[in-house]
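# Inside the fold
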Amino acid sequence: MEPLVNVSDQEAGLTPITLEGAIPSDTVEFSVSADPSATVVDALNPGDTLPEFVLRPGMFSWGEGEFQVAVPLSSLPSKVVGVNGIVNFTVTALDSSGDIHTTTASAQAVQSNNNTQAWVDPESGVAAATDTESPAKADSQAMRRTNNTHRPSLPQVPESDLKDAHVTLGKLTRLSTSAKLGPSKRKDWALAGTCGADTLVNTTRVWSRIGTSFPVGATTAWMDVDGRTSRTYGVAVSNTNKFGSFSKSGSQTVSSGWSNEWARSGNQRSYEVEVKYGLYKHLTLKYPKCEPTYYWKPIVETGGTSVTNGIGRPSWTHCVKVVEGTWRRYTSSGSAYSNSSAVNISGVIGMDLSVSRQYSNSQSLNYAIKTSKPKMLCGNNDEPSRAGSIMEKFK
Amino acid sequence: MNFHKLAAYFAMASMGITLGGCSLGIVAGPSGHVDGRGILSANSSPGGQSANRPHGLPIAKPWWVTFGGLVLCSTSPDTSIEIEGVRLNGNPAPLETRVLYRSIPPLSARSESSSNDWILVGTSLGTFKESGLKGSVSENPPVIKQDCSDLRSSHYALPHVELIVEVKSGPSGVDLRQFLVDYRAKGKEYTLYIPWENVACGTKIDRNWCS
């Protein structure tokens, strides 16, 4: 594969690398599309056309088992640019046996203090550490974005954080098909656009866990989330849309426009938010017919919040001694909260999906510690100052 | 200023700078970096902890509290880091401070007592000596060689150094907004900014920190 962007162009911010990843070595066709933004999709009804944007040749390159996408934000239509410059991409490859390989990912456009533009993983914490536009301003910009003249203000990040910035995708999900085509028909395969636009088949609302707390004794704990945050939810894909036929296929990031401070409680509990998911139908031409691929993708958080009390206590061992006082984690670095099956969508597709969210100044976990005897706070995957989840224990 | 002589001192400069997107009230210098983006790391991320005044203690009586939970390590393999000094920014300021480096030996050498005696400090009333936790402490700045990723992947079974601050608080309380750790590595001077807030509760502390 010939790289689209050389190092000097990337450093000069001329054409920032957006996505990179691996594809099958026998890929015969490849496409990338940018999904319409949450604001656009949330206004659609089942059966409506999804106004996606199929990236043109020159915006990506592929070959020898890898691909690279490099597109400046200014080359994307406003309809695909979400709040805080987040864009959701769908990558699809067709291998020589006719199987489709696909995944999804979000990239967030950011800007350095000398106006270099780059793309980062929204969950990397690079952009979360900065003070981005206010939710109200972002919402109003999203509503006004009817042409290319209105752009969201991009998060400002230090130049040093943007060295070699881009999003690296995980392994693509393979969808086997019975409609195998021989090499002579390869010219008749087309991944995007040939069979018409994607459609929104259906929507559903599901609950997703975004955090947990495990106080003991008289200690109370709570989460606090405001509208400047985002969370990344799993995507599922199937070529039949039958219950149980879906596979996990990447993830997409949703920005919140709501805020909530959960009441303090001494319960072992999880914190949940309601997420609207959409079933997207994408058509691939496999001559002489068009075959569908179905994706369940997160569209928007509805603002609904909940808790589940009485969840089981884990047994984590990365501990620090604590005395009576308050403990807070509002970090944007360290470990994010992540849970591979936090999105409760199994009733719809036969499996639950993942969630990941960074802590930030506007998304915190708090413990008001009371001690009648010695206590500890313990992290699940690191010491508490960096861990993704925290529990309290008696020492 | 002699960084080699261990002394925590308070920077009174009011000039703000931007470092890693975080506004500091004290000057870190051109080679300053936030935790996670330089050679020295304290294994921290933004957040903080507070300790309530001990029950029944007369309001006018000063008290000691120990803050820790910060593990010093190197993000650059095979790099020795000379710690030169720690700067603390307190408002309200403490009456007295002591910066200590606690050496925690490898897991195999921690056998003589309960594993809970070797946990990090977090918060503890009194001085470190009164915490009941094990490990030798020194006021002498150490040389840090432990690789951060090796340490994490060993689940902290490898030897490591915890940065600890003992604080004497008056009636107003103490709010240490951040630490700056000056160090030398690869022949250059750097400053690590640790965005971890430590609070001793008192009359001038925000109620959000103190119940």
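Residue positions are given per chain, counted from 1 along the sequence in the order it is written. The lettering of chains begins at A and the numbering of ligands begins at 1, in the order of writing. Selection of residues for local features in this predicted model requires a pLDDT of at least 70, selection of side-chain atom pairs for listing and counting requires 80 or more, and totals for whole chains, interfaces and linings are taken over all residues. Just so you know, side-chain values use all the structure's heavy atoms and leave hydrogens and water out.

With that out of the way, let us pick up the overall build of chain B. What counts as a helix is a DSSP run of H or I of at least four residues, what counts as a strand is a run of E of at least two, and both are numbered from the N terminus. For chain B, the helix and strand inventory stands at 1 helix and 16 strands. In chain B, buried positions account for 54% of the 211 residues. The contacts in chain B between residues at least 6 apart in sequence include a share of 75% that link residues at least 24 apart. Per-residue and other accessible areas follow the Shrake-Rupley method at a 1.4 Å probe size, with only the shown protein chains counted as cover for residues. Carbon and sulfur atoms make up 53% of the accessible area of chain B, which amounts to about 8900 Å² in all. Exposure is judged per residue with a 1.4 Å probe applied to protein chains only, and the accessible area is read against the type maximum: over 50% gives exposed, under 20% gives buried, and values in between give partly exposed. Whether two residues are in contact is decided by their heavy atoms, any of which lying within 4.5 Å being enough.

Further remarks concern the sheet that holds strand 26 (residues 390–394) of chain A. All names here are of chain A. One bridge is not enough; two strands pair if DSSP finds at least two bridges between them. Pairing in this open sheet of 3 strands is antiparallel, and the strands run 20-25-26 from one edge to the other. On the outer flanks of this sheet lie strand 20 (318–322) and strand 26, each paired with one strand and no other. This sheet shows a mean twist of 30 degrees between the axes of neighbouring strands, independent of strand direction. Pairing between strand 20 and strand 25 (residues 375–379): 5 bridges, direction antiparallel. To get an axis, fit a line to the C-alpha atoms, keeping to the stretch in contact for a helix; angles then go from 0 to 180 degrees between the N-to-C directions.

Facing the 35 residues of chain B at the interface are 29 residues of chain A. Here the quantity called buried area is the accessible surface, traced with a 1.4 Å probe, that two parts lose on coming together, added over both. Taking both partners together, chain B and chain A bury about 2800 Å²; carbon and sulfur atoms supply 47% of that area. By the criterion of area lost to chain A, the three top residues of chain B are R37, P46 and I119 of chain B, representing 17% of everything that side buries. When a carboxyl oxygen of Asp or Glu lies within 4 Å of a side-chain nitrogen of Lys or Arg, that pair is called a salt bridge. If you look at where chain B meets chain A, you find 2 salt bridges. Whenever two N or O atoms come within 3.5 Å, that pair is a polar contact, provided that in protein one can donate a hydrogen and the other can accept it, and provided that, for residues adjacent in sequence, both atoms are side-chain atoms. Scanning the region where chain B abuts chain A turns up 20 residue pairs in polar contact (both at pLDDT 80 or more). Contributions of two or more residues to the side of chain B that touches chain A are made by strand 6 (47–51), strand 10 (123–125) and strand 16 (196–200) of chain B.

It is worth spelling out the pairing of strand 6 (residues 86–95) of chain A at this point. Residue and element names in this part refer to chain A. Summarising burial for strand 6: 10 of the 10 residues are buried, a large majority. Residues I86, N88, T90, T92 and L94 of strand 6 are buried on one face, and the alternating residues V87, F89, V91, A93 and D95, pointing to the opposite face, are buried as well. Across 7 bridges, the pairing between strand 2 (residues 27–34) and strand 6 is antiparallel. By the bridge assignment for strand 6, S33 is matched with T90. When strand 6 meets strand 7 (residues 100–112), the two strands line up antiparallel, connected through 9 bridges. Paired with N88 across the two strands is S106, which belongs to strand 7. Hairpin connection of strand 6 to strand 7: 4 residues between the antiparallel strands, including G98 at a positive phi of 95 degrees.

It is worth spelling out the pattern of salt bridges at this point. Residue and element names in this part refer to chain B. Taken as a whole and assessed by the stated rule, the structure comprises 18 salt bridges over all chains. Of the charged contacts in the structure, one is a salt bridge between E166 and R98, with a shortest N-O distance of 2.7 Å. Of this pair, E166 sits in strand 13 (residues 160–169) while R98 sits in strand 9 (residues 96–104); the two residues are 68 residues apart in sequence, bridging distant segments of the chain. The buried category is assigned to E166, whose relative accessible area is 4%. A salt bridge links E162 to R102, with the nearest nitrogen and oxygen atoms 2.8 Å apart.

Attention shifts here to the pairing of strand 21 (residues 325–329) of chain A. Burial runs high along strand 21 of chain A: 5 of the 5 residues are buried. Neither face of strand 21 of chain A is open: one carries G325, W327 and R329 of chain A, the other T326 and R328 of chain A, and all of them are buried. Relative to strand 24 (residues 363–369) of chain A, strand 21 of chain A runs antiparallel, the two being bridged by 5 bridges. Across the sheet, residue T326 of chain A finds its bridge partner in strand 24 of chain A, namely A368 of chain A. Pairing analysis gives 3 bridges linking strand 21 of chain A to strand 6 of chain B, with the strands arranged antiparallel. From the neighbouring strand, R329 of chain A faces strand 6 of chain B, where its bridge partner is G47 of chain B.

The next thing to look at is the state of the cysteines. When two cysteine sulfur atoms lie within 2.5 Å, the pair is treated as a disulfide. Scanning all chains against the criterion turns up 3 disulfides over all chains. Across a sulfur-sulfur distance of 2.1 Å, C319 of chain A and C378 of chain A are joined as a disulfide pair. As the torsion about the S-S bond is roughly 105 degrees, the C319 of chain A-C378 of chain A disulfide counts as right-handed. Here C319 of chain A is found in strand 20, whereas its partner C378 of chain A is found in strand 25, with 59 residues between them in sequence. By relative accessible area, C378 of chain A is classed as buried at 0%. Between the sulfur atoms of C73 of chain B and its disulfide mate C148 of chain B the distance is 2.1 Å. On the sign convention where negative means left-handed, the S-S torsion of about 100 degrees between C73 of chain B and C148 of chain B marks this disulfide as right-handed. Here C148 of chain B lies in helix 1 (residues 148–153) and C73 of chain B lies in strand 7 (residues 63–74), a separation of 75 residues in the sequence. Here the two residues C73 of chain B and C148 of chain B agree in accessibility, since each one is buried.

Stacked, tilted and edge-to-face are the three classes applied to pairs of Phe, Tyr and Trp rings, where Trp contributes its six-membered ring and a pair requires centres within 6.5 Å; stacked means planes under 30 degrees apart, edge-to-face means over 60, and tilted covers the rest. In this structure the tally under the stated criterion is 8 aromatic pairs over all chains. Between Y183 of chain B and Y190 of chain B, the ring centres sit 5.4 Å apart and the planes meet at 25 degrees, which makes this aromatic pair stacked. Like Y190 of chain B, Y183 of chain B is buried. A network of ring pairs unites the aromatic residues F30, F60, W62 and F67 of chain A as a single cluster. Criterion for a charge above a ring: Arg CZ or Lys NZ at most 6 Å from the ring centre, at most 35 degrees from the ring normal. Above the ring of Y295 of chain A, the side-chain terminus of K297 of chain A is found at 4.7 Å from the ring centroid. Above the face of the F394 of chain A ring, K373 of chain A is positioned so that its terminal group lies 4.6 Å from the ring centre.

Take the confidence of the model for chain A next. If pLDDT is low for a region, its predicted coordinates should not be looked at in detail. A score from 0 to 100, pLDDT tells how confident the predictor is in each residue. Summing up the model confidence of chain A, the mean pLDDT is 81 and the portion of residues at 70 or higher is 78%. Across residues 129–150 of chain A, where pLDDT falls below 50, the model places 38 contacts with residues more than four positions away in sequence or in other chains.

All names here are of chain A. Here we have 4 strands laid out as an open sheet, ordered 4-5-1-10, and mixed in their pairing. The open sheet has two edge strands with one neighbour each: strand 4 (60–63) and strand 10 (167–168). As paired elements, strand 1 (residues 17–22) and strand 5 (residues 66–70) share 5 bridges and run antiparallel to each other. Within the sheet, the bridge partner assigned to I17 lies in strand 5 and is A70.

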